[in-house]
Amino acid sequence: MGATAVTSAGPDDAQAVWDRVLAGSGAIWVVHGPAGSGRSTVLSGLAQRGRRSGATVLPVPAGPDPGTVLLRLTTQLVELITALDRPELVSMLSAVAWLRARLESGSGAGPQTTAHDLITVLATVAPRSRIVLQFDDFDLLPPELATVLTLVAEGARATGTVTVATVNGRGPAGGPVGKLLAVADGTIGLRPLTAAETTALLPGWTTRAGRIASDPALVASVRTALGPLFGNPGTVAATIAGLRATGRLSVVDEHVCLIGAGPPIVLPDGHPETLRLRRLGRPARRLAAVIAVLSEQGAPTLERLHWLASAAALTPSATGQALDDLVRAGILRSGTDGAVEFAVPALAGRLRLAHGTRWRTVLHRRITRDLLGRRPVDPAEVAPHLTELPPSPPDPEAAGLLLDAAAGASTDLPTARRYRLAALRLLDPSDDRFPEVLRALLADSLAAGGYGTLADDLATLVAPRLDGNWPSARLSATVLMCWLGALAHEQRLAELDVVRPLAVEVARALDTARECRRLLDAVNRTDRPLAAEAVRALARACGAEEDHLFALGAGILLGALPGDGGRPAEEWLVPPEMPPHDDVAEAAEVLDTVSVLNVLLRGRYQPPTTGFSVGWHAVRQAYREGEWDAALSLARRLEGGRLWWDPPRRHRFASVFAAEICAQRDQPDRAADWLRRLPFRTSADAYVAWVRCRLRLSSGQYDEAIARGRQDYTDCRERGVRAGMERLLARLLQGARRHGDTETVTRLLSELEGLAARSPTASVQEAALVCGGLVRGDMESVRAGVKLARQSGDAFRIAEACTAFGEVSPVPAPSLLEAHRTLQRLDAVVSLTSVAALLDQHRIAFSTDRVDRTDRATLDPLERHIVGLIANGHTNRQIAAALQVSEKRIEARLTSLFERTGSHSRVELAAAWLQGRLGTAAVLADS
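Computed from a predicted model, the values in this text were never measured in an experiment.

1. Re the overall build of the chain
Helix and strand counts for the chain come out as 45 helices and 11 strands. Along the first, second and third principal axes, the C-alpha atoms of the chain reach 100 × 90 × 45 Å. The buried share of the chain, taken over its 927 residues, is 53%. Relative to all contacts within the chain whose residues are 6 or more apart in sequence, the contacts with residues 24 or more apart total 68%. Surface summary for the chain: the accessible area is close to 40300 Å², and the carbon and sulfur share equals 52%. Of the charged side chains in the chain, 105 are positive and 103 negative, and the gap between their average positions amounts to 3 Å.

2. Notes on the pairing of strand β9 (residues 255–258)
Of the two faces of β9, the one carrying His 255 and Cys 257 and the one carrying Val 256 and Leu 258 are both buried. The pairing of strand β7 (residues 213–214) with β9 spans two bridges and is parallel. Residue pairing for β9: Ser 214 is matched across the bridge by Val 256. Between strand β8 (residues 249–252) and β9, which pair antiparallel in sequence order, lie two residues; one of them, Asp 253, sits at a positive phi of approximately 55 degrees.

3. Quick word on the packing of helix α6 (residues 143–157) against helix α7 (residues 175–183)
One way to put it is that α6 packs onto α7 with a least axis distance of 9 Å and a crossing angle of 10 degrees. Relative to α7, the element α6 lies roughly parallel. The residues of α7 that touch α6, namely those facing Pro 143, Ala 146, Thr 147, Thr 150, Glu 154 and Arg 157, are Pro 176, Lys 179, Leu 180 and Val 183. Residues of the contact of α6 with α7, tallied by class, amount to five nonpolar, two polar and three charged.

4. Quick word on unusual backbone geometry
Of the consecutive residues Arg 375 and Pro 376, the connecting peptide bond is found in the cis state with omega at -5 degrees. The residue Pro 376 is located in the loop between α15 (345–372) and α16 (379–386) in this model. Of note in the backbone geometry, Thr 526 takes a positive phi value of approximately 55 degrees without being a glycine. Relative to the helices and strands, Thr 526 resides in the loop between α23 (513–524) and α24 (528–542). Assessed through its relative accessible area of 22%, Thr 526 is described here as partly exposed. Residues other than glycine seldom take positive phi values, yet Leu 591 does so here, at roughly 60 degrees. Here Leu 591 shows up in the loop between α26 (582–589) and α27 (593–600). Judged by its relative accessible area of 7%, Leu 591 is buried.

5. Considerations on the sheet that holds β8
Pairing in this open sheet of three strands is mixed, and the strands run β7-β9-β8 from one edge to the other. The open sheet has two edge strands with one neighbour each: β7 and β8. Note: β8 against β9, four bridges, orientation antiparallel. Residue pairing for β9: Val 252 is matched across the bridge by His 255.

6. Considering the packing of aromatic side chains
Summed over all chains, the structure comprises 10 aromatic pairs. On the basis of an interplanar angle of 20 degrees and a centroid distance of 6.0 Å, the ring pair of Tyr 451 and Tyr 605 is categorised as stacked. Of this pair, Tyr 451 sits in helix α20 (residues 451–466) while Tyr 605 sits in the loop between α27 and α28 (612–624), and the two are 154 residues apart along the sequence. Tyr 605 carries the same exposure label as Tyr 451, and that label is buried. Feature note: the residues Trp 616, Tyr 623, Trp 628, Phe 653, Phe 657, Tyr 687, Trp 690 and Phe 796 constitute an aromatic cluster, connected by ring pairs. When the ring centre of Trp 690 is taken as origin, the NZ or CZ atom of Arg 727, which lies over that ring, is 5.3 Å away.

7. Looking at helix α11 (residues 272–279)
Where α11 is concerned, the buried positions are Glu 273, Thr 274 and Leu 277. Each buried residue of α11 lies within a common arc of 100 degrees when the element is viewed along its axis, so the set occupies one face. Among the exposed residues of α11, those oriented more than 90 degrees off its buried face are Arg 278 and Arg 279. Packed against the buried residues of α11 are α12 (282–294), α14 (316–328) and α15. Count one or two residues on from α11 and you reach Gly 281, which has phi positive near 105 degrees.

8. Details of the pattern of salt bridges
Enumeration over the complete set of coordinates arrives at 44 salt bridges. One salt bridge connects Arg 276 with Glu 273, and the closest N-O pair in it is separated by 2.6 Å. One end of the pair is Arg 276 and the other is Glu 273, both in helix α11 and three residues apart, which spans about a single turn. Across the pair Asp 592 and Arg 620 runs a salt bridge whose closest N-O atoms are separated by 2.8 Å. Of this pair, Asp 592 sits in the loop between α26 and α27 while Arg 620 sits in helix α28, placing them 28 residues apart in sequence. Under the relative-accessibility criterion, Asp 592 is labelled buried at 0%. For Arg 620, a relative accessible area of 4% puts it in the buried group. The network of salt bridges with common partners includes Glu 586, Arg 727, Glu 766, Asp 794 and Arg 797.

9. Observations regarding the side chain of Arg 157
Positionally, Arg 157 belongs in helix α6. A polar contact of 2.8 Å, which involves the side chain of Arg 157, links it to the backbone oxygen of Val 183.

10. A short note on the packing of α23 against α24
Where α23 meets α24, the axes come as close as 8 Å, and the angle between the chain directions of the two elements is 150 degrees. One element, α23, and the other, α24, form an angle in the roughly antiparallel class. Seen from above, α23 lies across α24 with left-handed handedness. Mapping the contact onto sequence places Glu 515, Cys 516, Arg 518, Leu 519, Ala 522 and Val 523 in α23 and Leu 530, Ala 531, Glu 533, Ala 534, Val 535, Ala 537 and Leu 538 in α24.

11. Points about the nonpolar core
With 123 residues, the main nonpolar core has Val 222, Phe 342, Leu 519, Leu 538 and Leu 557 as its most contacted residues. When residues of this core are assigned to their parent elements, the largest contribution, 11 residues, is made by helix α21 (residues 473–489). Listed in part, the 57 residues of the second largest apolar core include Val 590, Phe 653, Leu 695 and Ile 844.

Here is what the cut-offs are and how they apply
Residues numbered from 1 in each chain as written. Predicted model: local features only at pLDDT ≥ 70, side-chain atom pairs only at ≥ 80, totals over all residues. Heavy atoms only, no water. Helix = DSSP H or I, 4+ residues; strand = E, 2+ residues; numbered from the N terminus. Buried < 20%, exposed > 50% of the residue type's maximum accessible area, 1.4 Å probe, protein only. Contact = heavy atoms within 4.5 Å. Areas by Shrake-Rupley, 256 points an atom, 1.4 Å probe, with all protein chains shown as cover. Lys, Arg positive; Asp, Glu negative; His and termini not counted. Charge placed at Lys NZ, Arg CZ, Asp CG, Glu CD. Pairing = 2+ DSSP bridges. Axes fitted to C-alpha atoms, helices over the stretch in contact; angles between N-to-C directions. Parallel < 35°, antiparallel > 145°, perpendicular 65-115°, else oblique. Nonpolar A, V, L, I, M, F, W, Y, C, P; charged D, E, K, R; others polar. Phe/Tyr/Trp six-rings, centres within 6.5 Å; stacked < 30°, edge-to-face > 60°. Lys NZ or Arg CZ within 6 Å of the ring centre and 35° of its normal. Arc of directions from axis to C-beta. Salt bridge = Lys/Arg side-chain N within 4 Å of Asp/Glu carboxyl O. Polar contact = N/O pair within 3.5 Å; in protein donor to acceptor, adjacent residues only side chain to side chain. Left-handed = near helix turned anticlockwise from the far one by under 90°. Core = buried A, V, L, I, M, F, W, Y, C linked by side-chain atoms within 4.5 Å.

Laid out in structure tokens, this is it:
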């Protein structure tokens, strides 16, 4: 028979085949593909489609005991016959029971008779229920059993039964698989999935319901770890299962996220890639394990093949042969400059995990011994392995090698810092080199942006080694300053108690107990002026007034403490000739340490690459630049990290900005969930009130929004909160203005302009100019506000200012169209609806990026009313209340409208309505 062959099939291709197969008569299909290509996933898709079409699916995988396949099949047949509960099928129960008894006893008829009995049962049951047989891993079945099932599939085909079997690879031309292929109606050859297809399947593996989206950071991490195996559904599914089992996955903001800084993502145990490595032989396995461990410090190169051989205890020729085998098998590949790296990084992680810490230590000790036995010793070669050895008694010679390697011209700062830290562990505190190395460690850490790492190293390695025997008073004071600066930078001031013993030592050595106590108290209260005074006194007492390292530590400490928004007066932060920077005040108010120090310590400050401070800075930058999806993903990452460690309760701005994005996108439940994560009181309270005001206004609770918003503003003012106060007042004023509440508008504008007089920062001035210009119809005032908004670089603030200018300008089109484009890019549904209404009011045409079918849509009166309410900014809940129907009915209507009009969102639907492409917009005026 001529079989249909579907080659290089993806999930969509396979599902299209199943739709045709299920709609037709009986058939036999074989799905083939390499390990991990998604054969089981394709069968799962067939099962779901079959059950939805009313068929009974009987999945019988080979499993760990292929010999019991027939027993499992008869068990499912008994369950099916019992479920059908038809009197004429009672005799079939007896026939199946007799067949099971023969199979269990191992006696009875041959393959043909067994197949005949099964075909008889299927022929009797099939007219009552369409049956789909699924045989996974058919090639693993014993030949006699495979022959029986082939006969069953061929005989049952005439009864309308569909049989689908999967095999690894293409299957041999002969043997049991060959016989099945000979009678098959078609075959499907699977190809690796594309990245987009794998990403689309991830929700089905991360959660049971399969309806929760995956965070982009999770997708990127898994894709990086698996490399080319990201196209193998079985591999991805097993990897995700491993992450879920170890508690690395959590749902944050309706997205599945990878949380915590746990171990790297590794291949599942028993993966075919590890089995393939095992088949290459012991030398290849040993060499691969050595390269996996050494790749933690950078990919080894072919130039070091001689000591790779020594580390693996192999001869050079055997090492070369093993390396060729690994490259030929695709396990290793040659990178740039002769570097040898794993094609699948997760396989290296699996090898490191399998061999354990003790083996890693033995390996590094073996390499170290080999390199030290050669003359001359190359410090750059031996240093990476010395750093991996456990603590040992003082070893001045090894410490000297580490220090020589750290001073090498080709050594980067993070590596130099690691070498010097290892040297400190090998030096006795009485060694003359100890103070110099400690000072170099401080300098390297700050120059490399390693603030959190420095704080950890000082607390766990340096302080216990010295145990009260600190070096000179000046160096001890410098260590204290850098330690406090590192903790303040990373928002870890709750750890001040760890620093107190050093402060006591400095106070004793310099007789400055009062100054040290004032310094710690001021830092604990985040009182920057008082802390600056204590820093000056301490610098004078220890003679560090001209010490650049002391000054850098002091600058980081004072710059990381919340300031007063004005020009910093401390010489530790900024030279007198440097002009003030507009962004410093706002960044300081929202505790964006990275932005503040980038300006105040220009040229001396190195931002970190990891840690809470840089995470919040990235969220803020993405929000300002209009990359809202990226901002949400970054905020989820911070929130996921909070499940492993708790950031300061007063610093939760990332959650607030994530809530604002969700509120602007008309997702009130998600916004409320972000706000619920906040502690009772934070320095972000004005921003929290700003978001809650938006949610109340969007839900039509105008009176409550104004009353609660003004109360929140009063509370924040009395507590001295400054961050976000102008945004809260501006939002309250805009809400009151839209509802025609002139008296409230006047009071709020007076309050906002008073705030601008007391705190003349750029953001407050912008809000006062824009709101004042709107209320008074002063175009020049709004124009000045637009200029300040553009200088801020905040995409949403620019859009809001352009919208205001469009309201007062005699030529509104350019500003309103710019606002519309920006808000559309942000998917800010709530504000976009208002701008679309202004465009319609001025009869300004605008085009959408997508082609729609709205001109062919025919709306009934109820649908026109619903769309009109959407265009006015109403939520589904408000529309349901207005029409006195359920919210689910509104959602169903909207789904139908999206399909019929070709719209992809509420924004597009409202825009089409306002432009008259959904019929007359007269209903809008009535609603």
